[in-house]
Amino acid sequence: MVDLTALTPCSGLLPLRKGTVTLSELDPGRITSLMPFGGQRAALSAALERAHGLGFPAPGRVTQTEGATCLWTARDQAFLMGPDPDPALADHAAMTDQSDAWAVVLLAGEDTEDVLARLVPIDLRPAAFPEGSAARTLCQHMTVSISRRAEGLQIMCFRSMARTLAHEIADVMASVAGRRAAG
Amino acid sequence: MRIDGKGRVDRNRPVNFTFDGKAFGGFAGDTLASALMGADVRLVGRSFKYHRPRGVLTAGSEEPNALVTVRSGAAADPNTRATVQELYEGLEAVSQNRWPSLDFDVLGVNDLAAPFFGAGFYYKTFMWPKSFWEKLYEPMIRRAAGLGALSGKPNADRYEKAYAFCDVLVIGGGPAGLMAALTAARAGAEVILASEDCCFGGRLQAEDETVDGDPGATWATALAGELATMENVRLMPRTTVTGAYDGGTFGALERVAQHLADPGDAPIECFWRIAARRAVLCSGALERHIAFRDNDRPGVMMAGALRAYLNRWGVAPGRRVVVFGNNDDAHRTARDMHLAGLEVVALVDSRHDAENMAGDVPFYPGWQVARAHGAKGLEAVDLIGPQGALKRVQADALGVSGGWNPAVSLTCHLNGRPVWDDRIAGFVPREDAVPGMTVAGAARGTFATLACLREGAEAGREAAQALGFSGELPVIPVAEDEAYHVRRLWAVPGKGRAWLDFQNDVTVKDVKQAARENYRSVEHMKRYTTQGMATDQGKSSNVQALAILADATGRDLPETGTTTFRPPYVPVSIAAMGAGSQGKGFAPQRFTTSHEASVARGAPMVEAGLWYRPSYFPQPGEKTWREACDREVKMVRESVGICDVSTLGKIDLQGRDVGAFLDFVYTNTFSTLKPGRVRYGLMLREDGHVMDDGTTARLTENQWVMTTTTAAAGEVMKHLDWVRQAYCGAMDVRFISVTEQWAQFAVAGPKSRELLNGLLDHPIDDGSFPFMQCGPVSIGGLAARLFRISFSGEHAYEIAVPARYGASLFEVLLGRAETLGGGPYGMEALNVLRIEKGHITHAEIHGRTTAFDIGFARMVSARKDCIGKALAARPGMVEDDREQLVGLRPVTTGRELTAGAHLFDKGAEAVRVNDLGYITSVGFSPSLGTFLGLGFLRNGRARHGEEIRMVDHVRGIEETCIVTDPVAFDEDGGRLRG
Amino acid sequence: MRLTCPICGDRDRREFYYQGDAAMLARPDPAAPVQDWADWLHLRDNPAGRTRELWYHEAGCTSWLMVERDTVTHEVFSVDLVERVDAD
Ligand SMILES: [Zn+2]
């Protein structure tokens, strides 16, 4: 019997700390993409509510409950993160397993928004992007999903680009810390 | 020299620096320019063309003369304006455009030869003979004429770019800007206040005047302090807004650490992209000079700058001062210099009816300055009276004011031409030149401080109101409210050279000559003379040049044209704009889960799009890549090879209508594919050319997985989104990329099934897993996917596991392959294997080939529509004389074919008109013992068996080839089914 | 330049991919003469003024967008979804 071992996308890369900011890898649990079939969004949302206790998020939003989040990721598309999905959801939505496809990291600390302002072309300050917000946008040249959690900003990029993500963010973390040091 | 009792530099904090290697001292708060002036250095640079000695002209970013190189080695920053560079301990600056030294510059002889060097000189002189241009003229001109030089070394300094957002962007930190920011912020708007200066106050920092009873600079600093405490205000000192762009986007350059001796990790500069819902432009005004003979001598300055150096920094270029102007503001310079104890030897006002507002100084109304004397520094000034009376006065400082131009630059960036205003004899911004931006204060021609304060407050309130914020106007402080009068004077008539554009060495005569040679349009004149074309963009001289052109062509000034500006307002270093995009930041790198293992085995990694893939896996004793490649090909053909194919795009499609959707995007039919089966498909662009190819598997009734080539994965995804959203809105189809979810490996070769059966929880055979079968399998209880597909032409599979297990599975597969006499293979072997089989890649489907060309015309189903079908049938797209895919091999075994070579009939001259096609892919086939090629040959399918000539003009290789079917190995496909 | 995506809101232009004229939406009937097809694919007006263009919110929600815009003033009049029907 073969026993394959698992590696996380950022193994060996994180955590990193510079200045006031820490970048660390998150374990998102199971990630399932949900794409409601034609006319099924309300039914999907109801099924999600029944099975997992949260609804299908509006564009740019995250729905959340104990142990599960549903993150808007694209038009008519959201990721259920945490639990194994109720198979009944498949009646209303196309579902794929995305658990291994994403590097999921958390950027936290006082200068978090200043760090990402050097890479991301949208306004991520808490007033414009409060908890419960989600966006698809760019991080330097990569497409990413960014959402605000209580602890900080969650950034997701393709697994294969984890090294680049860590490099880009570490670079601007140094820059922001350098500005602080320079006064 | 330093003037006692004047200036706001900190005389208790001396700062040491060097200029051209010589040590000097200044004070905290100095700029390099003020420190040099304080140290009696007047000669700071040589001009661009004639290498004329030049001194500091201005006190700001508009400086044309005082360009120096700051720092050294790889960190050297050429063309730094000494007037902007703040002094720091240990600063090193060197002058530019001189050899061997600033004081003695050999190319100063250019100045003696000036009669030959006038406008258009380069255009006229260096035309013939043509061959001389590249070898002689251009290198010579480049050496002689130029600004600072780059170090040529990679710069390790950190630069940055960043995004910012606000309700109201206030551009300029002077009285108008401060009041605009305060008013908008108090109303509740989120405000960014950008000040080019290191502090706030703008012109108040340069004046000896009070606001609300306090010195203006003190008032400004206090207000900036108040703004800094407000949550909704972001102060950005040392930040020049460089451009206004569409949709409320502004570019801005922040000098973050240019003023620090040791920046540490702080960036030198940051290039900001600011998205603002509203903007208020309070960029102030820039003084212009008046042209007269030798008006470029060091010591001759803008009158406003002379005053700024005195009031802010406590320095002056000399003790005996002449002030020359055509407006009231010049009088303030004379007044301040006089009150500071300097000797004002003449206040010269070209207006005969002017009244002296400078106090007890010799006053010359109706007089003009005719000439400056002194080579490397001003010594004397010739005055000319209303009736031609001449008078020479000894002087070492001369302040000149031709009036003030509103700094309208940003209002021009979206094509808004400024309009002429006779009241100030200058251009003012057009209303609404930039949507959402209003202009206040000196930038719109309002010069009295009190009026600037009021206009700023009003503009701030208006900007906030437009966004739904309401607030009161603050109390306008008590401030200077003097009238400003100016009367046009651009150039003093007379012999000799009178300078307009100091940086580009353009004279009044040059502009007149341009007009004489019929360059009457201002745009032509600028290009012919190079007026306004360097780092300062003619900020202090464009209006005079335009006025002189107007005179010379007998037109009104507004009728002649207008000055206009493009971004950036000040030079922006490429390092700042491209920050983060050097080296690894240039593009994301994508790594497969087997990357580390491949590198550990010594595989050279090659780029495939953003991905990195192993080229080959060298074994001990192998001296060339070919040896490794030949071995890997044989290994796959004889035992089993493992190759990571995770980089291919994988798209999961679900829904009732996926079959119909695939029928529409692929040329062939997919709706008939049974669950558990895989089919090869061809995708066209709408113009009938092949876009991509790959296999699509139907996993279940309603779930499919499409594969794309590595290179086209993104393009195919965009295409599918387009086709579905634009043409198939009624179809129930949902898709998403699963490329990153699966680590997928090819297991190829006669022993592939043996390997897999040692690995899978349940063994497979030809019955359960025939060619083009797919299905779920498990490995140690882990759910995996198996596809029996083959790119190599061997009995082969692709096995996919969730990516977290990719690295582990790769090691397991290699271990098992090695026990069977197999191992990993790389891109080189993969390429040879597919060439042997005549399988195409993007080398063949390169965007100009059709299904017909590659021999797949039969794959375009006649029974349905698909993307590209109609136009693939256009006349010319299916003719026999098109270049068709063929196989090629050399007539003489062992001879080499080269990709990129062209094909010609034997005996035909190898020239363009005889070109019959080209070779796209080549490789040495160890299976057949010969080089093989794929290529396109006119009417090639009818020419199998014929000999054809291959000519590689680039490498100088020629070979005779035999034309064959593209499939060279295992033509009947027995191996992949067996 | 900024575009307001109907789904994502106001975004910097670097998130978008520019395709070309919205004429691409009116795909001819498969049975139409080949000349109609060629004209549809290749012939474009180049107006100084209002245009209807296709943009793709590639680094956002992946919607194809129809943008009505002025090529002279750069004013953006409207941004609409190419596929107006959502999955609701
Ligand atoms: Zn969007």
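Residues numbered from 1 in each chain as written. Chains lettered and ligands numbered in written order. Predicted model: local features only at pLDDT ≥ 70, side-chain atom pairs only at ≥ 80, totals over all residues. Heavy atoms only, no water.

1. A look at the overall build of chain A
Within chain A, the secondary structure is distributed over 3 helices and 11 strands. Written out in order from the N terminus, the α and β elements of chain A read β-β-β-α-β-β-β-β-β-α-β-β-β-α. Taking all 183 residues of chain A together, 61% fall into the buried category. Of the roughly 6,600 Å² that chain A leaves accessible, carbon and sulfur atoms contribute 51%. Across chain A, the centroid of the 16 positively charged side chains sits 7 Å from that of the 20 negatively charged ones. (Helix = DSSP H or I, 4+ residues; strand = E, 2+ residues; numbered from the N terminus. Buried < 20%, exposed > 50% of the residue type's maximum accessible area, 1.4 Å probe, protein only. Areas by Shrake-Rupley, 256 points an atom, 1.4 Å probe, with all protein chains shown as cover. Lys, Arg positive; Asp, Glu negative; His and termini not counted. Charge placed at Lys NZ, Arg CZ, Asp CG, Glu CD.)

2. Observations concerning the sheet that holds strand β41 (residues 782-787) of chain B
In a beta sheet, neighbouring strands pair by backbone hydrogen bonds and run either parallel or antiparallel. Residues and elements named next belong to chain B. Reading across the sheet, the 6 strands line up as β40-β41-β42-β39-β33-β43 and stay open at both edges, with mixed pairing between neighbours. The sheet is open, and its two borders are formed by β40 (774-779) and β43 (823-824), each paired with just one other strand. Direction of pairing for strand β39 (residues 742-748) relative to strand β42 (residues 796-802): antiparallel, over a ladder of 7 bridges. The partner of A743 across the bridge, within β42, is V801. Running over the sheet, helix α20 (residues 806-819) touches β33 (641-644), β39, β40, β42 and β43 and is turned about 10° from β39. (Pairing = 2+ DSSP bridges. Contact = heavy atoms within 4.5 Å. Axes fitted to C-alpha atoms, helices over the stretch in contact; angles between N-to-C directions.)

3. Considerations on the sheet that holds strand β1 (residues 16-18) of chain A
Residue and element names in this part refer to chain A. Sheet architecture is open: 6 strands sit in the order β1-β2-β8-β11-β10-β9, paired in antiparallel fashion. Edge positions in the sheet fall to β1 and β9 (134-139), since each has one partner strand and no second. Neighbour-to-neighbour, the strand axes of this sheet turn through a mean angle of 25°, independent of strand direction. The sheet contact formed by strand β2 (residues 21-25) and strand β8 (residues 102-109) spans 5 bridges and is antiparallel. Opposite T22, over in β8, you have A108 as the bridge partner. The strands touched by helix α3 (residues 162-182) within the sheet are β1, β2, β8, β9, β10 (142-149) and β11 (152-158), with β1 carrying the most contacts at an inclination of about 15°.

4. What to know about unusual backbone geometry
In the segment running from L14(A) into P15(A), the intervening peptide bond is cis, with an omega of 5°. Among the secondary structure elements, P15(A) is positioned in the segment before β1. Despite not being glycine, D20(B) has its phi angle at roughly 50°, a positive value. In this fold, D20(B) is placed in the loop between β1 (10-19) and β2 (22-28). Since its relative accessible area comes to 30%, D20(B) is described here as partly exposed. Phi angles above zero are rare outside glycine, and R71(B) is one such case at about 65°.

5. Some thoughts on the coordination of the zinc ion
Residue and element names in this part refer to chain C. Coordination of the zinc ion by the protein involves C5 (SG), C8 (SG), H57 (ND1) and C61 (SG), with metal-donor separations of 2.0 to 2.5 Å. Here the zinc ion is ringed by 4 donor atoms whose angles at the metal span 102 to 122°, and the overall shape comes out tetrahedral. Coordination of the zinc ion draws on donor residues from a single chain, spaced C-x2-C-x48-H-x3-C in sequence. Note that C5 is positioned in strand β1 (residues 2-5) and C61 in the loop between β4 (50-56) and β5 (64-70), a separation of 56 residues in sequence. (Donors = N, O, S within 2.8 Å, 3.2 Å for Na, K, Ca; no water. Tetrahedral: all angles 85-135°; square planar, octahedral: opposite > 155°, others 65-115°.)

6. Points about a nonpolar patch on the surface
Taken together, the side chains of W99(B), F104(B) and V106(B) make up a nonpolar region of the molecular surface, amounting to roughly 370 Å² of accessible area. Relative to the elements of secondary structure, V106(B) occurs in the loop between β7 (91-95) and α2 (109-112). (Patch = residues over 30% accessible without salt bridge, like charges linked within 9 Å, V, L, I, M, F, W, Y side chains within 5 Å. Salt bridge = Lys/Arg side-chain N within 4 Å of Asp/Glu carboxyl O.)

7. Focus: the domain arrangement of chain B
Residues and elements named next belong to chain B. Each domain of chain B was delimited in the assignment, giving domain 1 (1-152), domain 2 (160-286 + 406-466), domain 3 (288-403 + 485-560), domain 4 (595-647 + 741-834), domain 5 (649-737) and domain 6 (879-977). Summing both partners gives a buried area of about 3,900 Å² for domain 1 against domain 3, and 55% of it is carried by carbon and sulfur. Counting across the interface, domain 1 meets domain 3 through 4 salt bridges. The tally of links from domain 1 across to domain 3 stands at 19 residue pairs in polar contact (both at pLDDT 80 or more). Within the residue set of the side of domain 1 that touches domain 3, elements represented by two or more residues are α1 (32-38), β4 (53-54) and α3 (121-125). (Domains from an automatic or database assignment. Buried area = accessible area lost by both parts, 1.4 Å probe. Polar contact = N/O pair within 3.5 Å; in protein donor to acceptor, adjacent residues only side chain to side chain.)

8. Looking at the interface of chain A and chain C
Taken residue by residue, the interface counts 17 residues in chain A and 19 residues in chain C. The junction of chain A with chain C conceals about 1,300 Å² of combined surface from both sides, 54% of it contributed by carbon and sulfur atoms. The tally of links from chain A across to chain C stands at 1 salt bridge. As a salt-bridge pair, E83(C) and R75(A) come within 3.9 Å of each other at their nearest N and O atoms. Viewed at the interface, chain C and chain A are joined by 6 residue pairs in polar contact (both at pLDDT 80 or more). Listing elements by their share of the side of chain A that touches chain C, those giving two or more residues are β5 (68-74) and β9 of chain A. In terms of residue count, the dominant contributor to the side of chain A that touches chain C is β9(A) (4 residues).

9. Things to note about the nonpolar core
F17(B), F19(B), L32(B), Y309(B) and M337(B) are the most contacted members of the largest nonpolar core, which has 55 residues in total. Of all the elements, helix α7 (residues 303-313) of chain B adds the most residues to this core, at 7 residues. Each of two domains, domain 1 (1-152) and domain 3 (288-403 + 485-560) of chain B, supplies a minimum of three residues to this core. Among residues more than four places away in sequence, those in contact with M337(B) are L306(B), L310(B), A316(B), V321(B), L342(B) and V344(B). With 40 residues, the next largest nonpolar core counts V716(B), A22(C), W64(C) and V82(C) among its residues. (Core = buried A, V, L, I, M, F, W, Y, C linked by side-chain atoms within 4.5 Å.)

10. What about the environment of Y88(B)?
Residue and element names in this part refer to chain B. Looking at the secondary structure, you find Y88 in the loop between β6 (77-81) and β7. Using a relative accessible area of 7% as the deciding quantity, one classes Y88 as buried. Put simply, Y88 and I3 are 85 residues apart on the chain and 21 Å apart in space, counted from C-alpha to C-alpha. Once you skip the residues sitting within four places of it in the chain, Y88 turns out to touch V15, N16, V70, R71, Q258, H259, L260 and A261. Here the side chain of Y88 touches R71 through a polar contact of 3.4 Å, side chain to side chain.

11. Topic: the domain arrangement of chain A
All names here are of chain A. Segmenting chain A into domains produces domain 1 (16-27 + 100-182) and domain 2 (30-97). Between the C-alpha centres of domain 1 and domain 2 there is a distance of 24 Å. In this assembly, 11 residues from domain 1 lie in contact with 10 residues from domain 2. Approximately 900 Å² of surface area, both sides summed, lies buried where domain 1 meets domain 2, with 58% of it carried by carbon and sulfur atoms. The largest share of the area that domain 1 buries against domain 2 comes from G132, A134 and R136, three residues that together contribute 46% of it. At the boundary of domain 1 and domain 2, one finds 0 salt bridges. Viewed at the interface, domain 2 and domain 1 are joined by 4 residue pairs in polar contact (both at pLDDT 80 or more). Among the elements of the structure, β8, β9, β10 and β11 are those that each provide at least two residues to the side of domain 1 that touches domain 2. When the residues that make up the side of domain 1 that touches domain 2 are grouped by side-chain class, the tally is 4 nonpolar, 5 polar and 2 charged. (Nonpolar A, V, L, I, M, F, W, Y, C, P; charged D, E, K, R; others polar.)

12. Focus on the state of the cysteines
Cysteine pairs can be covalently joined through their sulfur atoms, and such a bond is termed a disulfide. Residue and element names in this part refer to chain B. Following the criterion strictly, the structure yields 0 disulfides over all chains and no others. Here C270 is not cross-linked by a disulfide; its sulfur's nearest cysteine counterpart is in C166, at 15 Å. For C270, a relative accessible area of 0% corresponds to the buried category. Not engaged in a disulfide, the cysteine C452 finds its nearest cysteine sulfur in C282; these two sulfurs lie 8.8 Å apart. (Disulfide = S-S within 2.5 Å.)

13. A few points about the side chain of R159(A)
Checked against the element boundaries, R159(A) lands in the loop between β11 and α3. One buried charged residue, R159(A), remains without a salt bridge, the closest side chain of opposite sign being D100(A) at 4.4 Å. Setting aside anything within four residues of it in sequence, one finds R159(A) in contact with L7(A), T8(A), P9(A), D100(A), A101(A), W102(A), A103(A), T593(B), E740(B), A803(B) and R804(B).

14. Structural notes on the packing of aromatic side chains
Summed over the entire model, instances satisfying the criterion amount to 24 aromatic pairs over all chains. Measuring from ring centre to ring centre gives 6.5 Å for F664(B) and Y727(B), while their planes differ by 85°; the resulting arrangement is edge-to-face. One end of the pair, F664(B), is in helix α17 (residues 658-665); the other, Y727(B), is in helix α18 (residues 713-727), with 63 residues separating them in the sequence. On the basis of relative accessible area, F664(B) is assigned to the buried category, the value being 11%. A ring pair is formed by W37(C) and W40(C), whose centres lie 5.5 Å apart and whose planes are at 90°; its orientation type is edge-to-face. Highlighted residues: W37(C) and W40(C), both in helix α1 (residues 34-42), separated by 3 residues, approximately one helical turn. Like W40(C), W37(C) is buried. Members of the aromatic cluster, each reached through a chain of ring pairs, are F664(B), W722(B), Y727(B), Y56(C) and W64(C). Between R941(B) and the ring centre of F852(B), over which it is positioned, the NZ or CZ distance is 4.8 Å. The ring of F77(C) has R50(C) lying over it, and the distance from NZ or CZ to the ring centre is 3.5 Å. (Phe/Tyr/Trp six-rings, centres within 6.5 Å; stacked < 30°, edge-to-face > 60°. Lys NZ or Arg CZ within 6 Å of the ring centre and 35° of its normal.)

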